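A structural walkthrough
Here's the letter readout for the chains.
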Amino acid sequence: MEKRGEGTLAIIMLALIQGFLSTGAVEVRPSMNPALVGASVTLSLSPPMALNSGSWAVGGSLILTWTGAQQAIFPSHTGRAAVDVQTGALTLTSVTVADSGLYAVQSANPQLQASASLSVYELISNVTLKANPTDLMEFNSSAVVTCSVSTGSSLSFLWLNSSSQVTGSDRVQITDGNSTLTIMNVTRYDQGPFSCRAINPVSNGASAQVNFTINYGPDNMALTVNGQNTTSFSVGSNLTLLCSAQSGPEARLQWAFGGETLNTTGPLLELLSVSEKQSGSYSCLALNHRTNVNSNITTNIMIAKSPSSGSEQRAVDVGLLSLLLLVGVLSSLPDVGGSFSR
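Residues numbered from 1 in each chain as written. Predicted model: local features only at pLDDT ≥ 70, side-chain atom pairs only at ≥ 80, totals over all residues. Heavy atoms only, no water.

Per an unreviewed UniProt entry, the protein goes by the name Ig-like domain-containing protein and belongs to Pagothenia borchgrevinki.

Each helix and strand counted, the protein has 2 helices and 28 strands in total. Partitioning the intrachain contacts of the protein with sequence separation of at least 6 by distance along the chain shows that 59% fall at a separation of at least 24. Split by element, the accessible area of the protein, about 19,600 Å² in all, is 53% carbon and sulfur. (Helix = DSSP H or I, 4+ residues; strand = E, 2+ residues; numbered from the N terminus. Contact = heavy atoms within 4.5 Å. Areas by Shrake-Rupley, 256 points an atom, 1.4 Å probe, with all protein chains shown as cover.)

Let's shift gears to the side chain of Ser-107. With respect to the helices and strands, the residue Ser-107 is situated in strand 9 (residues 101-108). Owing to a relative accessible area of 0%, Ser-107 belongs among the buried residues under this scheme. A polar atom in the side chain of Ser-107 sits 2.8 Å from the backbone oxygen of Ser-53. Polar contacts involving the side chain of Ser-107 include one to the main-chain carbonyl oxygen of Pro-110, which spans 3.0 Å. (Buried < 20%, exposed > 50% of the residue type's maximum accessible area, 1.4 Å probe, protein only. Polar contact = N/O pair within 3.5 Å; in protein donor to acceptor, adjacent residues only side chain to side chain.)

Simply put, disulfide is the name for a covalent bond between the sulfur atoms of two cysteines. Evaluated as defined, the whole model comprises 2 disulfides. Across the disulfide, Cys-243 is cross-linked to Cys-284 (sulfur-sulfur distance 2.1 Å). Note on the Cys-243 and Cys-284 pair: the S-S dihedral is about -85°, so by sign convention the disulfide is left-handed. In this pair, Cys-243 is assigned in strand 23 (residues 239-248) and Cys-284 in strand 27 (residues 280-288), connecting sequence segments 41 residues apart. Taken individually, Cys-243 and Cys-284 each receive the classification buried, so the pair is uniform in this respect. (Disulfide = S-S within 2.5 Å.)

Here strand 5 (residues 61-67) lies mainly inside the structure; 5 of its 7 residues are buried. Relative to strand 5, strand 4 (residues 53-58) is paired through 6 bridges, and the arrangement is antiparallel. Bridge pairing in strand 5 places Ala-57 opposite Leu-62. From the end of strand 4 to the start of strand 5, which pair antiparallel, there are 2 residues, and Gly-59 there has a positive phi angle of about 60°. Note: strand 5 against strand 6 (residues 70-73), 4 bridges, orientation antiparallel. Each residue of the ladder has a partner; that of Thr-65, found in strand 6, is Ala-72. Hairpin connection between strand 5 and strand 6: a loop of 2 residues separates the two successive antiparallel strands, and Gly-68 in this loop has a positive phi of roughly 60°. (Pairing = 2+ DSSP bridges.)

Our focus in this paragraph is the confidence of the model for the protein. The predicted model of the protein has a mean per-residue pLDDT of 87, with 82% of residues at 70 or higher. Segment residues 309-313 is flagged for pLDDT under 50; beyond a separation of four residues in sequence, or across chains, it makes 0 contacts in the model. Predicted confidence for residues 336-342 stays below pLDDT 50, and this span has 0 contacts to residues more than four positions away or in other chains. (pLDDT = per-residue confidence, 0-100.)

The structure is reproduced here in structure tokens:
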């Protein structure tokens, strides 16, 4: 009997709702909007007024009706909704995301209709990244990272590479509601660190960072001798050959002379007090054990005796000239012995 009475009242109130026009002078104001899941929200009328009867509905579905001190709450909101029979204010407790919607109040005394939208969001927690695999080959692998949360509703995702935002491109795809980042044909510059930020109107959260190991090279090799571009040196010089290569992981460097492997590894080859027989081609071989790629660079070094310096030559020339002048003077002197008669 009670259920039949509630049904009849609902039909009457829905008929009243369809016949009412908004006064335009009354607003519905939620006590918080957006609201967090689990909160209590009161939707009050502004300006405040006394309502003897009326109804509240959300999305066209009745929540409750009241007349005088009597109120009838529909099953969908039993135990979670109540109305202040003096002011018509509706209070919802323990709201959920499903409570989001357009709330409308109707009254015949005085006659009015007003509404307001309410949004309810779940707080974001535990933003995490999943990347598999993380050890990749340059130009031959794709990186896939997925961002997820333990709780949170109406999410949007922002991807970061260090502090710079990641956007889509020919190689970069952001899919699944922006929760998945895919980088195709990775390069050495795609190591990261990558992170994601999950956002909704009531909260946000950031994940930990993830880095990729990109195996590449060796390439872009360089070889210098005593830090110079010149390759000609004097006998007795000390030479330091420095080799470098871009490689991940770091390449193993091996030295060779004239095509023969030397017992020297690493970036430095030192030659002390060189002789002419050490002239020739010096090579640096770089090998990356992960990519199984090797590369080399060669320079030809010429070692020769140094010519006399200008100062030494001038000293020789001056000495020779002095000697010649002395001989000339002596040859011009008369024969002293033959000039006396006995």
